[in-house]
Amino acid sequence: MRIIRVRYQDRSFYAAIVSPDSVRCLNLEENLTEDIPLAEVELLPLVRPTKVVCVGLNYHEHARELGLTPPDEPILFLKPPSSVIGPGDAIVMPACSERVDYEAELAIVIGKTARFVREEDAPAHVFGYTCANDVTARDLQKKDGQWTRAKSFDTFCPIGPWIETQVPDERALGIRAVVNGKLRQEGNTADMIFAPAKLVSFISRVMTLLPGDVILTGTPPGIGPLQEGDEVSVEIDNVGFLLNPVISEGPADPSAVQ
Ligand code: MG
């Protein structure tokens, strides 16, 4: 089932896409049993996470590409909720970076509070999967030595277009990044060093995962730069297709500290 968040008649709720042009309310308390024309709803951000937890270096082929030894435990970092945008929203390249990269990633959306969850119990805590782009200011990542600034600019976390709740096998999904129609990244989640269930379990031993929180599971080989005017898509088999344009930040805010 493909699920989105919508506003309709001053009410906000999760809805299932039941046809190309209609949705069905999933919140029984709203007493909306009739299908609603898609044209009559306002699309809301898919998720409102308290945190976006990301995993660095989680594909064997990407580690080989970088000449690095696969880690023995997941490498975690965070992106702030303010970096999240939806399908079609623009990725804004900040003026202070000269290299902004795409990173196609499978995203896990948490459905049930998770703390000290065993790997075999992890699937019960997953709402579904979606596409994400772990946009990164690569030059600032290298310069700063740690990743907070490079990963955290507003618009650096496109997520969507829907939450797919029925992925047949999350460990066998083709994943691609396409820029202006050209294939730039290609991999398969079978190549992950740490599988989604392992990641949910591992992260839940560090921090409480809440419904709506998102885990970005790492990127396959082929990362590369974006330019102003590009259109970048993240495509994952049986999950979805997420397209975002790329623009540059305008002239510096005159009120900014020089
Ligand atoms: Mg990444």
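Residues numbered from 1 in each chain as written. Predicted model: local features only at pLDDT ≥ 70, side-chain atom pairs only at ≥ 80, totals over all residues. Heavy atoms only, no water.

### So, the overall build of the chain
- Check the secondary structure of the chain and you find 4 helices and 20 strands.
- What you see for the chain is a C-alpha radius of gyration of 18 Å, in line with the 18 Å of a compact globule of 258 residues.
- For the chain, the spread of C-alpha atoms along the three principal axes comes to 55 × 50 × 35 Å.
- When each of the 258 residues of the chain is scored for burial, the buried share is 51%.
- Counting contacts in the chain only where the partners sit at least 6 residues apart, residues at least 24 apart contribute 71% of the total.
- Side chains of the chain give 24 positive and 37 negative charges; the mean places of these two sets differ by 5 Å. (Helix = DSSP H or I, 4+ residues; strand = E, 2+ residues; numbered from the N terminus. Rg over C-alpha atoms; globule rule 2.2 N^0.38 Å. Buried < 20%, exposed > 50% of the residue type's maximum accessible area, 1.4 Å probe, protein only. Contact = heavy atoms within 4.5 Å. Lys, Arg positive; Asp, Glu negative; His and termini not counted. Charge placed at Lys NZ, Arg CZ, Asp CG, Glu CD.)

### Digging into the sheet that holds strand β10 (residues 100-102)
- Read across the sheet, 3 strands follow the order β13-β10-β18 without closing on themselves; strand pairing throughout is antiparallel. The open sheet has two edge strands with one neighbour each: β13 (136-137) and β18 (224-225).
- Sheet topology note: the β10/β18 ladder contains 2 bridges and is antiparallel. When the bridges of β18 are listed, Y102 appears paired with G224. (Pairing = 2+ DSSP bridges.)

### Quick word on the packing of aromatic side chains
- Evaluation of the coordinates by the stated rule reveals 3 aromatic pairs.
- Summarising the aromatic geometry, the rings of F153 and F156 are spaced 5.2 Å apart at their centres and angled 55 degrees between planes, so their arrangement reads as tilted. (Phe/Tyr/Trp six-rings, centres within 6.5 Å; stacked < 30°, edge-to-face > 60°.)

### Section: the domain arrangement of the chain
- Taken domain by domain, the chain comprises domain 1 (2-43) and domain 2 (52-248).
- Taking only C-alpha atoms into account, the centre of domain 1 sits 27 Å from that of domain 2.
- At the interface, 5 residues of domain 1 touch 6 residues of domain 2.
- Overall, the association of domain 1 and domain 2 removes approximately 540 Å² of surface from exposure, summing both partners, and the carbon and sulfur fraction of that is 65%.
- Broken down residue by residue, the surface that domain 1 buries against domain 2 is led by R2, I3 and Y14, which jointly contribute 86%.
- Run the count over domain 1 and domain 2 and you get 1 salt bridge.
- A salt bridge links E164 to R2; its shortest N-O distance comes to 3.6 Å.
- Inspection of the domain 1/domain 2 interface yields 1 residue pair in polar contact (both at pLDDT 80 or more).
- When contributions to the side of domain 1 that touches domain 2 are tallied by element, the ones reaching two or more residues are β1 (2-8) and β2 (11-19).
- Top element by residues in the side of domain 1 that touches domain 2 is β1. It accounts for 3 residues. (Domains from an automatic or database assignment. Buried area = accessible area lost by both parts, 1.4 Å probe. Salt bridge = Lys/Arg side-chain N within 4 Å of Asp/Glu carboxyl O. Polar contact = N/O pair within 3.5 Å; in protein donor to acceptor, adjacent residues only side chain to side chain.)

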